[in-house]
Amino acid sequence: MSPIIIIDIVLIAILLGIGINELYLRIMAKKSATTIDQETFREGMRKAQVIDVREKDEFDAGHVLGARNIPYSVLKNSIGSIRKDQPVYIYDQKRAIAVRAANKLRKAGYTDIYLLKGGYQSWEGKVKKKNS
């Protein structure tokens, strides 16, 4: 087999893997939470628990004003600090980790879960940054 065919096969496999992962995330997101746009997120966040599931250094670099940081890596141990009687608004940088966090919360019995469409990278509302 020629090297070009091998490279083509590898590239197709990589693209297929990316596509399958994206499909999996979309299905998991639809099953676990409601995805909402920025305006809806901004309107409802005063009555919700806004959780940033990025790691602390990313959170400190800038986050949605009013959000609290519960990194996905410690979510399992911190899940008890999230109330089940209030809506939970979750976001990360784009959306992949937030989807996993929403799925974890759903499995723990949470039902009122919302994801920020586009994540923090597309957020145009007020932000807070930690001063160095």
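Criteria and thresholds
Residues numbered from 1 in each chain as written. Predicted model: local features only at pLDDT ≥ 70, side-chain atom pairs only at ≥ 80, totals over all residues. Heavy atoms only, no water. Helix = DSSP H or I, 4+ residues; strand = E, 2+ residues; numbered from the N terminus. Buried < 20%, exposed > 50% of the residue type's maximum accessible area, 1.4 Å probe, protein only. Contact = heavy atoms within 4.5 Å. Areas by Shrake-Rupley, 256 points an atom, 1.4 Å probe, with all protein chains shown as cover. Lys, Arg positive; Asp, Glu negative; His and termini not counted. Charge placed at Lys NZ, Arg CZ, Asp CG, Glu CD. Salt bridge = Lys/Arg side-chain N within 4 Å of Asp/Glu carboxyl O. Pairing = 2+ DSSP bridges. Expected span 1.5 Å × (residues − 1). Core = buried A, V, L, I, M, F, W, Y, C linked by side-chain atoms within 4.5 Å.

Going by an unreviewed UniProt entry, the protein carries the name Rhodanese-like domain-containing protein and comes from Candidatus Enterococcus myersii.

## Section: the overall build of the protein
Looking only at helices and strands, the protein features five helices and seven strands. Seen in sequence order, the protein has helices and strands lined up from the N terminus as α-β-α-β-α-β-β-α-β-α-β-β. Counting every position in the protein, which comprises 132 residues, the buried fraction comes to 36%. Summarising the internal contacts of the protein: among those between residues at least 6 apart in sequence, 69% fall at separations of at least 24. For the protein, the exposed area adds up to about 8500 Å²; of that, 57% sits on carbon and sulfur atoms. Here the protein contributes 23 positively and 14 negatively charged side chains, and the mean placements of these two sets differ by 5 Å.

## So, the pattern of salt bridges
Applying the stated criterion across every chain yields a total of three salt bridges. Note that D52 and R54 form a salt bridge whose closest N and O atoms lie 2.7 Å from each other. The buried category is assigned to D52, whose relative accessible area is 0%. In this structure R54 comes out as buried when scored by relative accessible area, which is 3%. Across the salt bridge formed by K56 and D60, the nearest N and O atoms sit 2.9 Å from each other. Residue K56 and its partner D60 are located together in helix α3 (residues 56-61), separated by four residues, close to a single helical turn.

## Looking at the sheet that holds strand β1 (residues 34-36)
Read from one edge to the other, the open sheet built from five strands follows the order β1-β6-β5-β2-β4, with strand pairing classed as parallel. Whereas interior strands pair on both sides, the edge strands pair on one side only; in this sheet they are β1 and β4 (68-69). Across three bridges, strand β5 (residues 88-91) lies against strand β6 (residues 113-116) in parallel orientation. Its bridge partner lying in β6, V88 is registered against I113.

## Here's the deal with helix α5 (residues 96-107)
Its twelve residues give α5 an end-to-end C-alpha distance of 17 Å, which sits within 8% of 16 Å, the value for a rise of 1.5 Å per residue. The set of residues buried in α5 consists of A98, V99, A101, A102, N103 and L105. Buried residues along α5 sit in contact with α1 (3-32), α4 (75-78), β5 and β6. One or two positions beyond α5, positive phi appears at G109, with a value near 100°.

## Quick look at the side chain of H63
Turning to its location among the elements, H63 is positioned in strand β3 (residues 63-64). Those residues in contact with H63 that lie beyond four places of it in its chain are D52, R54, Y91, Y120, K126, V127 and K128.

## Section: the nonpolar core
I82, V88, I90, L105, Y110, I113 and L115 are the most contacted members of the largest nonpolar core, which has 20 residues in total. At the level of secondary structure, the elements contributing two or more residues to this core comprise α1, β5, α5 and β6. Sequence-distant contacts of I82, defined by excluding residues within four places in its chain, comprise Q49, I51, R68, I70, L75, V88, L105 and Y110. With 13 residues, the next largest nonpolar core counts I36, F41, M45 and Y91 among its residues.

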